[in-house]
Amino acid sequence: MRRYFSNSNLTQALQEPPHSPPPQLVLQDPAMTAASAEANARGQTPLSAVVDAFEDLAKRLKPITDQDNDVGPGELRLDMFCDSCSLVSVLFSCLGLAFKFAESEYVSKVGTLVEASKRHKTLQNVLDMDVANGTVRTPGSHSRNLRRVRQGLDLIRALFEQFLATDDYSLKDAATTAYAQVCAPYHTWAVRTAVYAGMYTLPSRDQLLLKLSETDKSAEKQMRRYINASLPVIEYIDKLYISRNISLDW
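Counting starts from 1 at the beginning of each chain's written sequence and moves along it residue by residue. Per-residue local features of the predicted model are confined to residues with pLDDT of at least 70, and side-chain atom pairs are confined, for both listing and counting, to 80 or more; whole-chain, interface and lining totals are unaffected and use all residues. Water and hydrogen atoms were dropped before computing side-chain values, which therefore reflect all heavy atoms in the structure.

**Here we look at the environment of leucine 57**
Only DSSP runs of H or I covering at least 4 residues are called helices, and only runs of E covering at least 2 are called strands; the numbering of each starts at the N terminus. Residue placement: leucine 57 occurs in helix H3 (residues 46–60). Along the chain, leucine 57 and alanine 229 lie 172 residues apart, while their C-alpha atoms are 7.9 Å from each other.

Given below as structure tokens:
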């Protein structure tokens, strides 16, 4: 924006210390701001908060009864799962418009599972209810929403793998490959077209690190931790469907 000075104002402006930075307007995503504030309060970055939560979930899948867990060995409480998944929304926010549809769908589905957790204790419970009612694939069912949340977790995992596999300044190729692997097969042509077009609006590698409050080195460590911790959770969810003779091609 141009500024116009009178002679007196120009003299005053020229006398100001040259190192004084101009005020800047910073716009932040509300979800990202809230998650960042909560993580910072615990001395964590948004990414490390996600990693810690999923490492805890992965531990609870081991066939050992946890003293603080009132469900059977190797089961997951739905409320704890939702708490961990809610933290992941900040990662979608960091990716901007390209993944806005994925973020919107993910946040919506997690929200419905949060409500379901008030009535159902475990992931198995919600799936068994839909199996009994014949509503596993019905739009809006908890089983369908769980399937979509699982895809969101897997999309972040695949993106991190691609991020670590290259030093490219642009995230376009990494994000395109991750989306093609995880979500594209289940999205309509219109959604796929919009997502691929939005890949050009992705933040750069450095911009993403800045949004995550990470360095290249710390991000690599945290991303590898997320990949390792999320895989058992993703595989556990898949097995819940497969063990009930429900295919995963939807």
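So, next bit.
**What to know about helix H10 (residues 205–212)**
Per-residue accessibility, obtained with a 1.4 Å probe over protein chains only, is compared with the maximum for each type, and a residue is labelled buried under 20%, exposed over 50%, and partly exposed between these values. Regarding H10, the residues found buried are Arg205, Leu208, Leu209 and Leu212. Along the axis of H10, the buried positions cluster into a sector of 100°, meaning they face one direction only. Looking at the packing, one finds that the buried side of H10 touches H3, helix H4 (78–93), helix H7 (142–164) and helix H11 (216–242). Within two residues after H10, serine 213 carries a phi angle of roughly 60°, on the positive side. To obtain the arc, one takes the directions from the helix axis to the C-beta atoms. Whether two residues are in contact is decided by their heavy atoms, any of which lying within 4.5 Å being enough.

**Focus on empty space enclosed by the protein**
Only protein atoms enter the 1 Å grid, on which a cavity is a set of points fitting a 1.4 Å probe that cannot get out and a pocket is an open set with protein on both sides within 12 Å along at least 5 of 7 lines, lining residues being those with an atom within 4 Å of a point. Grid points are joined across faces, edges and corners, and a volume is the space filled by probe spheres set on the points. Per the stated rule, a full pass over the model turns up 2 cavities of 30 Å³ or more. Computed from the structure, the largest cavity encloses a volume of approximately 70 Å³. Lining the largest cavity, in full, are Phe92, Ala102, Glu105, Tyr106, Arg148, Gln151, Gly152, Leu155, Cys183 and His187. Of all the elements in the fold, those that place two or more residues in the lining of the largest cavity are helix H5 (100–116) and H7. Per-element accounting of the lining of the largest cavity gives the leading share, 4 residues, to H7. Grouping the amino acids of the lining of the largest cavity by side-chain chemistry returns 5 nonpolar, 3 polar and 2 charged. If you add up the space inside the second largest cavity, you get close to 50 Å³. Among the elements of the structure, H7 and H10 are those that each provide at least two residues to the lining of the second largest cavity. At 3 residues, H7 tops the list of elements feeding residues into the lining of the second largest cavity. Think of it as three bins: nonpolar holds Ala, Val, Leu, Ile, Met, Phe, Trp, Tyr, Cys and Pro, charged holds Asp, Glu, Lys and Arg, and polar takes everything else, Gly as well.

**Considering the packing of H7 against helix H8 (residues 172–182)**
It is the contact of H7 with H8, at a shortest axis distance of 8 Å, that shows an interaxial angle of 145°. At the point where H7 passes H8, the crossing takes the right-handed sense. Taken together, the residues of H8 that come into contact with H7 (itself represented by Gln151, Asp154, Leu155, Ala158, Leu159, Gln162 and Phe163) are Ala174, Ala175, Thr177, Ala178, Tyr179, Gln181 and Val182. Looking at the contact of H7 with H8 residue by residue, the class counts come to 9 nonpolar, 4 polar and 1 charged. The axes used here are C-alpha line fits, helices contributing only the stretch in contact, and every angle between their N-to-C directions lies in the interval 0 to 180 degrees. By the definition used in this description, the sense in which the near helix is turned from the far one sets the handedness, with an anticlockwise turn below a right angle giving left-handed and a clockwise turn giving right-handed.

**Here's the deal with the packing of aromatic side chains**
Ring pairs shown here join Phe, Tyr and Trp side chains whose ring centres sit within 6.5 Å, with only the six-membered ring taken for Trp; geometry is labelled stacked below 30 degrees between planes, edge-to-face above 60, and tilted in between. Under the counting rule described, the total for this entry stands at 5 aromatic pairs. On the basis of an interplanar angle of 70° and a centroid distance of 5.6 Å, the ring pair of phenylalanine 54 and tyrosine 226 is categorised as edge-to-face. Linking phenylalanine 54 in helix H3 with tyrosine 226 in helix H11, this pair joins segments that are 172 residues apart in sequence. The residues phenylalanine 54 and tyrosine 226 share a single accessibility class, namely buried. With centroids separated by 5.5 Å and ring planes inclined at 80°, the aromatic side chains of phenylalanine 160 and tyrosine 226 adopt a geometry described as edge-to-face. In this pair, phenylalanine 160 sits in helix H7 while tyrosine 226 sits in helix H11, placing the two residues 66 residues apart along the sequence. Given a relative accessible area of 4%, phenylalanine 160 falls into the buried group. The structure contains a cluster of three or more aromatic residues connected by ring pairs, namely Phe54, Phe160 and Tyr226.

**Description of the packing of H7 against H11**
Between H7 and H11, the shortest axis-to-axis distance is 9 Å and the interhelical angle comes to 150°. As summarised for this structure, H7 and H11 are arranged roughly antiparallel, according to the angle between their axes. Regarding H7 and H11, the two cross each other, and that crossing is left-handed. In contact with Ser143, Leu146, Arg147, Arg150, Leu153, Asp154, Ile156, Arg157, Phe160, Glu161, Phe163 and Leu164 of H7, H11 contributes Glu220, Met223, Arg224, Tyr226, Ile227, Ser230, Leu231, Ile234, Ile237, Asp238 and Tyr241. Across the contact of H7 with H11, the residue classes tally to 13 nonpolar, 2 polar and 8 charged. Oblique is the label for any angle not under 35 degrees, not over 145, and not in the 65 to 115 range, which are roughly parallel, roughly antiparallel and roughly perpendicular in turn.

**Focus: the nonpolar core**
As a rule of thumb, nonpolar side chains are buried together in soluble globular proteins. Nine residue types can take part in a nonpolar core, namely buried Ala, Val, Leu, Ile, Met, Phe, Trp, Tyr and Cys, and a core is a set of them joined through side-chain atoms within 4.5 Å. Core analysis: the biggest nonpolar cluster contains 68 residues, and Phe54, Phe81 and Phe99 have the highest contact counts within it. The leading source of residues in this core is H11, at 11 residues. Not counting residues within four places of it along the chain, the set of residues in contact with phenylalanine 99 comprises Phe92, Leu155, Ala175, Met199 and Leu202.

Read these as geometric descriptors, not functional statements.
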